[in-house]
Amino acid sequence: MVETPTPKTQSYEIRLKGHLEARWVTWFDGLTITLDGNGNTLLSGPVVDQAALHGILKKIRDVGLPLLSVRSVASDTEEVSEA
């Protein structure tokens, strides 16, 4: 029997060119939105899986802000399992 790997939540930093307008904030619920002084937007936070990441990227496309980068980042916390 082959075990299916359990998906782990991965954190991402997604950088956009331009500032995200406040009306779009609810679209990116669960992500922290930081408006940089250089005019760019940083979306950061946990993403459940690759399908959710693609959903976020689709929303970014729909908002119309150019995508500058997508970077996975290490989590500050580690999961601890008890036996």
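Residues numbered from 1 in each chain as written. Predicted model: local features only at pLDDT ≥ 70, side-chain atom pairs only at ≥ 80, totals over all residues. Heavy atoms only, no water.

### A word on the side chain of Thr41
Within the secondary structure, Thr41 sits in strand β3 (residues 41–47). On the basis of relative accessible area, Thr41 is assigned to the buried category, the value being 0%. A polar atom in the side chain of Thr41 sits 2.7 Å from the backbone oxygen of Gly18. From its side chain, Thr41 meets the backbone nitrogen of Leu20 in a polar contact 2.9 Å long. With sequence-adjacent residues up to four places away left out, Thr41 is seen in contact with Ile14, Arg15, Leu16, Gly18, His19, Leu20, Ile33, Thr34 and Leu35. (Helix = DSSP H or I, 4+ residues; strand = E, 2+ residues; numbered from the N terminus. Buried < 20%, exposed > 50% of the residue type's maximum accessible area, 1.4 Å probe, protein only. Polar contact = N/O pair within 3.5 Å; in protein donor to acceptor, adjacent residues only side chain to side chain. Contact = heavy atoms within 4.5 Å.)

Worth remembering: the numbers are spatial, not functional.
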